[in-house]
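The residues making up each chain are set out below.
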Amino acid sequence: YIVGSGYMSVGYATKLDSHGNKEWETSVYGVNDISQTSDGGYIVGSGYMSVGYATKLDSHGNKEWETSVYGVNAISQTSDGGYIVGSGYMSVGYATKLDSHGNKEWETSVYGVNAISQTSDGGYIIGSGYMSVGYATKLDSHGNKEWETSVYGVNAISQTSDGGYIIGSGYM
């Protein structure tokens, strides 16, 4: 198991074994998202307000690289081995594509991002929201907006098996 914890700017990536015993712990900026990568390491998305980082850890919790990105709320590995980062603070946000070494390939301005993932066509779906205002935004693989739909403040979004999208919304 991998656990990401944090409050404001203080955070940790903690690896637990299958019995809940701590294997290692690494100090990182306040963690908002964490997942295992295809090489057995981990990608950490951290942020507080407008400050944020994408941090790549190896399988032992050692930092391989760290890239400054606007307050990260969501991050995941993409099919090309890079990473898609969703960031936002209030209504300001960005979708940022990083290569496998953490270098920025492109960045697109969008409403404050809460969720982002790669779609079956190689593009990206974004769920954004602040208070009751929100959007579902579809980007192509180069970060160009294909469409945007107004919905109640989006907290979660996923592509469905029929190629559509399911959205989880809420405010307070």
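No experiment lies behind these values; they were computed from the predicted model shown.

### Considerations on the overall build of the protein chain
Move 1: The number of helices and strands found in the protein chain is 0 helices and 17 strands.
Move 2: Computed over the C-alpha atoms, the radius of gyration of the protein chain is 16 Å, within 12% of the 16 Å expected from 2.2 N^0.38 for a compact globule of 172 residues.
Move 3: Taken along the three principal axes of its C-alpha coordinates, the protein chain extends 45 × 35 × 30 Å.
Move 4: A burial count over the protein chain gives 45% of its 172 residues as buried.
Move 5: Within the protein chain, counting contacts between residues at least 6 apart in sequence, those at least 24 apart form 27% of the total.
Move 6: Charge separation in the protein chain, taken as the distance between the mean sites of 8 positive and 17 negative side-chain charges, equals 4 Å.

### A few points about the nonpolar core
Generally speaking, nonpolar side chains in soluble globular proteins are found buried as a group.
Move 1: Counting 10 residues, the largest nonpolar core consists of Ala74, Ile84, Ala95, Trp106, Val110, Val113, Ile116, Tyr124, Ile126 and Leu139.
Move 2: Elements supplying a minimum of two residues to this core: β11 (104-110), β12 (113-118) and β13 (124-130).
Move 3: Residues Ile43, Trp65, Val69 and Val72 belong to the second largest nonpolar core, which totals 9 residues.

### A short note on the pairing of strand β16 (residues 154-159)
Move 1: Across 5 bridges, β16 lies against strand β17 (residues 165-169) in antiparallel orientation. Bridged to Ser158 within β17 is Ile166.
Move 2: Counted between consecutive antiparallel strands, the loop separating β16 from β17 contains 5 residues, among which Gly163 sits at a positive phi close to 90°.

### Concerning the pattern of salt bridges
Move 1: The full count for this structure, using the stated rule, is 11 salt bridges.
Move 2: Taking the shortest distance from any N to any O, the salt bridge between Lys56 and Glu64 comes out at 3.5 Å.
Move 3: Residue Lys56 is classed as buried on the basis of its relative accessible area of 2%.
Move 4: Notably, a salt bridge pairs Lys104 with Glu107, separated by 3.9 Å at the nearest N-O pair.
Move 5: Overlapping salt bridges bring together Asp39, Lys56 and Glu64 as one network.

### Notes on the layout of surface pockets
Move 1: As a volume, the largest pocket reaches approximately 150 Å³.
Move 2: Considering the residues around the largest pocket, the lining is formed by Asn32, Gly47, Tyr48, Met49, Gly71, Asn73, Gly88 and Tyr89.
Move 3: For the lining of the largest pocket, the secondary-structure elements that each account for two or more residues are β5 (42-48) and β9 (83-89).
Move 4: Class assignment of the residues belonging to the lining of the largest pocket gives a composition of 3 nonpolar, 5 polar and no charged.

### Let's talk about a nonpolar patch on the surface
Move 1: A grouping of Tyr48, Met49, Tyr89 and Met90 is seen on the molecular surface, where their side chains present a nonpolar patch of about 340 Å² in accessible area.
Move 2: On the secondary structure map, Met90 appears in the loop between β9 and β10 (92-98).

### Re the sheet that holds β5
Move 1: On the basis of which strands lie adjacent, the open sheet formed by 4 strands has the order β4-β5-β6-β7 and antiparallel pairing. Looking at which strands have only one partner, the edges of the open sheet turn out to be β4 (31-36) and β7 (63-68). Geometrically, the sheet is characterised by an average inter-axis angle of 15° between neighbouring strands, direction not taken into account.
Move 2: Where strand β6 (residues 51-57) and β7 come together, 5 bridges link them in antiparallel fashion. Note that in β7 the partner of Thr55 across the bridge is Glu66.

### Focus: the environment of Val133
Move 1: Inspection of the secondary structure assignment puts Val133 in strand β14 (residues 133-139).
Move 2: Through-space distance from the C-alpha of Val133 to that of Ser150 is 7.7 Å; in sequence the pair is 17 residues apart.
Move 3: Leaving out residues up to four positions away in the same chain, Val133 has contacts with Tyr111, Ser128, Val151 and Gly153.

Calculation rules
- Residues numbered from 1 in each chain as written.
- Predicted model: local features only at pLDDT ≥ 70, side-chain atom pairs only at ≥ 80, totals over all residues.
- Heavy atoms only, no water.
- Helix = DSSP H or I, 4+ residues; strand = E, 2+ residues; numbered from the N terminus.
- Rg over C-alpha atoms; globule rule 2.2 N^0.38 Å.
- Buried < 20%, exposed > 50% of the residue type's maximum accessible area, 1.4 Å probe, protein only.
- Contact = heavy atoms within 4.5 Å.
- Lys, Arg positive; Asp, Glu negative; His and termini not counted.
- Charge placed at Lys NZ, Arg CZ, Asp CG, Glu CD.
- Core = buried A, V, L, I, M, F, W, Y, C linked by side-chain atoms within 4.5 Å.
- Pairing = 2+ DSSP bridges.
- Salt bridge = Lys/Arg side-chain N within 4 Å of Asp/Glu carboxyl O.
- 1 Å grid on protein atoms, 1.4 Å probe; cavity = no way out; pocket = protein on both sides within 12 Å on 5 of 7 lines; lining within 4 Å.
- Points joined across faces, edges and corners; volume = space filled by probe spheres on them.
- Nonpolar A, V, L, I, M, F, W, Y, C, P; charged D, E, K, R; others polar.
- Patch = residues over 30% accessible without salt bridge, like charges linked within 9 Å, V, L, I, M, F, W, Y side chains within 5 Å.
- Areas by Shrake-Rupley, 256 points an atom, 1.4 Å probe, with all protein chains shown as cover.
- Axes fitted to C-alpha atoms, helices over the stretch in contact; angles between N-to-C directions.

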